[in-house]
Amino acid sequence: MQDSDFFVCTVIEEMLSGLFPHTLVSPFGSSVNGFGKKNSDLDLNLELEDLVHLKKESELKFMTKKRLNNERRFTQGSLEIVHNMLKMFVPQLSNLVSILNARVPIVKFYHQGADVECDLTMTNRTGTLMSELLYVFSSLDDRVKDLVFTVRKIAQMQDYSKWHKRKIQFILNKKSL
């Protein structure tokens, strides 16, 4: 993890903190757990409400509009707004692309000052926690990194992603019968 990674998180938090005072941007993935390559991208998780520090007893109430019934639509809409704000208000960003219909909606961009490609998602608390867990495991036992790299290589060799897609297609076809 480099200082520039935290810089990118801080820049996004500062931009959004005027509208969302409890904004939290956390790095996750290979940049946190130590399994990344030298040129790995920076995965970021955006939470508009920092639930750890938001106390119910607080005198000041943070008011937001009620979320849509569909959490996915809320995430897609929020990321679309964040994309536009990044484009308009954050210097040194380029190649901004929203991929909102992906399994995990993201905003991709390149931060020129930090010289890093970034993927920003929302409410991916699981990814953040798993990254921390892998970091702790690999700190306790050096063999964990070897195991993770081996499993990753086997998945690539077996082309797990195509197998997974075929399995989903099979299930969908079976349900339509």
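Now for a description of the structure that goes with this document. In this text, all values refer to a predicted model and were calculated from it rather than measured experimentally.

A few points about the overall build of the protein
Along the protein, the regular secondary structure elements total six helices and five strands. Going from the N terminus to the C terminus, the protein shows its helices and strands as α-β-α-β-α-β-β-β-α-α-α. Counting across all 177 residues of the protein, residues that qualify as buried make up 33%. Contacts spanning at least 24 positions in sequence make up 53% of the contacts within the protein whose residues lie at least 6 apart. Total accessible area on the protein stands at roughly 12,700 Å², and carbon and sulfur atoms take up 58% of it.

Quick word on the sheet that holds strand 2 (residues 42-47)
Either a parallel or an antiparallel arrangement is found when strands of a sheet pair, and the pairing is made through backbone hydrogen bonds. Strand order in this open sheet of five strands is 1-2-5-4-3, and the pairing throughout is mixed. Of all strands in the sheet, those with a lone pairing partner are strand 1 (24-28) and strand 3 (93-99), marking the two edges. The average angle at which neighbouring strand axes cross in this sheet is 25°, direction not considered. Most of the contacts of helix 3 (residues 71-89) go to strand 5 (residues 116-122), to which it runs at about 145°, and overall it touches strand 2, strand 3, strand 4 (106-111) and strand 5.

Some remarks on the nonpolar core
Val-8, Ile-12, Leu-44, Leu-46, Leu-86, Phe-109 and Leu-120 are the most contacted members of the largest nonpolar core, which totals 25 residues. Elements supplying a minimum of two residues to this core: helix 1 (3-16), strand 2, helix 3, strand 4 and strand 5.

Comments concerning the environment of Leu-48
Tracing the sequence through the fold places Leu-48 in the loop between strand 2 and helix 3. It is 8.5 Å that separates the C-alpha atoms of Leu-48 and Val-25, two residues lying 23 residues apart in sequence. Setting aside chain neighbours within four positions, we find Leu-48 in contact with Phe-20, His-22, Thr-23 and Met-122.

Considerations on a nonpolar patch on the surface
Where nonpolar side chains cluster on the molecular surface, the patch consists of Met-130, Leu-133, Tyr-135, Val-136, Phe-137 and Leu-140 and spans about 600 Å² of accessible area. Its location among the elements puts Tyr-135 in helix 4 (residues 125-140). Exposure remark for Tyr-135: the relative accessible area of 46% places this residue in the partly exposed category.

Regarding the side chain of Ser-26
Assignment of secondary structure puts Ser-26 in strand 1. Residue Ser-26 is classed as buried on the basis of its relative accessible area of 13%. Filtering out sequence-adjacent residues up to four positions away, Ser-26 remains in contact with Cys-9, Asp-43, Leu-44, Asn-45 and Thr-128.

Rules of the game
- Residues numbered from 1 in each chain as written.
- Predicted model: local features only at pLDDT ≥ 70, side-chain atom pairs only at ≥ 80, totals over all residues.
- Heavy atoms only, no water.
- Helix = DSSP H or I, 4+ residues; strand = E, 2+ residues; numbered from the N terminus.
- Buried < 20%, exposed > 50% of the residue type's maximum accessible area, 1.4 Å probe, protein only.
- Contact = heavy atoms within 4.5 Å.
- Areas by Shrake-Rupley, 256 points an atom, 1.4 Å probe, with all protein chains shown as cover.
- Pairing = 2+ DSSP bridges.
- Axes fitted to C-alpha atoms, helices over the stretch in contact; angles between N-to-C directions.
- Core = buried A, V, L, I, M, F, W, Y, C linked by side-chain atoms within 4.5 Å.
- Patch = residues over 30% accessible without salt bridge, like charges linked within 9 Å, V, L, I, M, F, W, Y side chains within 5 Å.
- Salt bridge = Lys/Arg side-chain N within 4 Å of Asp/Glu carboxyl O.

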